[in-house]
Amino acid sequence: MLQAAAHLTDQHFRSVAELVQDQVGIRLPPGKRSMIEGRLQKRARALNYRSLNDYVEHLFDTRNFDSELVHLIDSVTTNKTDFFREPSHFEFMRRVAVPELLGGRGAVPRRLKVWSAACSTGMEAYTVAMVLDDLVRRGGKFRFRILGTDISTNVLQQARLGIYPRELAAPVPDEFRRRYFLSARDKARAEVRIAPELRATTHFMRMNLMDASYPVDRDVDIIFCRNVLIYFDKQVQQQVVKRLCSHLRPGGYLMVGHSESMVHDGTIGLRQVQPTIFRM
Ligand SMILES: C[S@@+](CC[C@H](N)C(=O)[O-])C[C@H]1O[C@@H](n2cnc3c(N)ncnc32)[C@H](O)[C@@H]1O
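Only a predicted model underlies this, so the values are computations on that prediction, with no experimental measurement involved.

So, how was this worked out
Residues numbered from 1 in each chain as written. Predicted model: local features only at pLDDT ≥ 70, side-chain atom pairs only at ≥ 80, totals over all residues. Heavy atoms only, no water. Near = heavy atom within 4 Å. Polar contact = N/O pair within 3.5 Å; in protein donor to acceptor, adjacent residues only side chain to side chain. Areas by Shrake-Rupley, 256 points an atom, 1.4 Å probe, with all protein chains shown as cover. Nonpolar A, V, L, I, M, F, W, Y, C, P; charged D, E, K, R; others polar. Domains from an automatic or database assignment. Contact = heavy atoms within 4.5 Å. Buried area = accessible area lost by both parts, 1.4 Å probe. Salt bridge = Lys/Arg side-chain N within 4 Å of Asp/Glu carboxyl O. Helix = DSSP H or I, 4+ residues; strand = E, 2+ residues; numbered from the N terminus.

Trainee: In this structure, what is going on with the site of the ligand? I would like to understand it.
Mentor: The environment of the ligand is made up of 21 residues, and the closest members are Val24, Thr81, Ala118, Asp150 and Asn227. In the model, an oxygen atom of the ligand is placed 2.6 Å from a nitrogen or oxygen of the Thr81 side chain. For the ligand, a nitrogen atom lies 3.3 Å from a polar atom in the backbone of Ile151. Bound to the protein, the ligand loses 99% of the 600 Å² it would expose on its own. Of the residues assigned to the shell around the ligand, the class counts are eight nonpolar, eight polar and five charged.

Trainee: Whenever I open this one, the domain arrangement of the protein chain confuses me. Can you help?
Mentor: Where interface size is quoted, it is often the accessible area lost as the parts come together. Each assigned domain of the protein chain is listed here: domain 1 (10-76) and domain 2 (88-279). Distance from the C-alpha centre of domain 1 to the C-alpha centre of domain 2: 30 Å. Each partner contributes to the interface: domain 1 provides 10 residues, whereas domain 2 provides 11 residues. Around 920 Å² of area is buried between domain 1 and domain 2 when both sides are counted, 50% of it from carbon and sulfur atoms. If you look at where domain 1 meets domain 2, you find zero salt bridges. At the boundary of domain 1 and domain 2, one finds seven residue pairs in polar contact (both at pLDDT 80 or more). The element that contributes the greatest number of residues to the side of domain 1 that touches domain 2 is helix α1 (residues 10-24), accounting for four residues. Tallied by class, residues from the side of domain 1 that touches domain 2 come to four nonpolar, three polar and three charged.

Put into structure tokens, the structure is as follows:
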């Protein structure tokens, strides 16, 4: 395998950083330079480029630009996620949000809509699905649909497949693991797969949070937008939060990551319920 010459010129780094910020919203200050160089190595090698700078020339060649941009985005996005990551949100959903959204006892059954915006490999969406399915099994009179969206095609492919290394299932409670995960018949493959009934409640779509409008219903009950706003500047954060909230139904909830100080411009009618939980 070729080792592409490891450094970008200032100009090439600036061009990539401007492109990424413009297209995806992710800020790449000079401090991120070696991280980006590391991440572009793999793609440059796959295309047999000896130098990262040659790869950047290839990227900006108009003949390649549209298709290569997809790979660039796959390379520069940080996709870390987990099942039951930041578990207090799922506990809040189960104990408070769902009962309130369903309007108390005796309310007519209805369909809850949950959106995992920036869903990465789908573990957040499937965690929501497990928690909601469990509520239904315990007598909850509702059905549910979950949408997962992300800009990276790689992670969406994994999300649709719903296959994960077995050790990643560790944070999932035993009962849920038994109920919602299938093990590979070949025990040498240390993988689990989300059960088909659960996969059927969840679908995944490519979507850029930077787009001016989102092709999503306007009566979503709960939006999870966690651990992605942190990569955007304040102005982009405000725009994204405003657009997301325009898809929440009145009384709907928005959850952001625990390390994110949520920015909104005060005009969208969001009320803070807990440090990282907001309500329309
Ligand atoms: C760190 S992961 C967070 C995953 C999950 N929400 C969680 O908290 O575990 C951030 C995800 O945001 C996605 N992302 C980054 N910029 C985006 C954009 N402009 N539009 C949509 N998704 C984006 C990345 O591809 C990545 O999968």
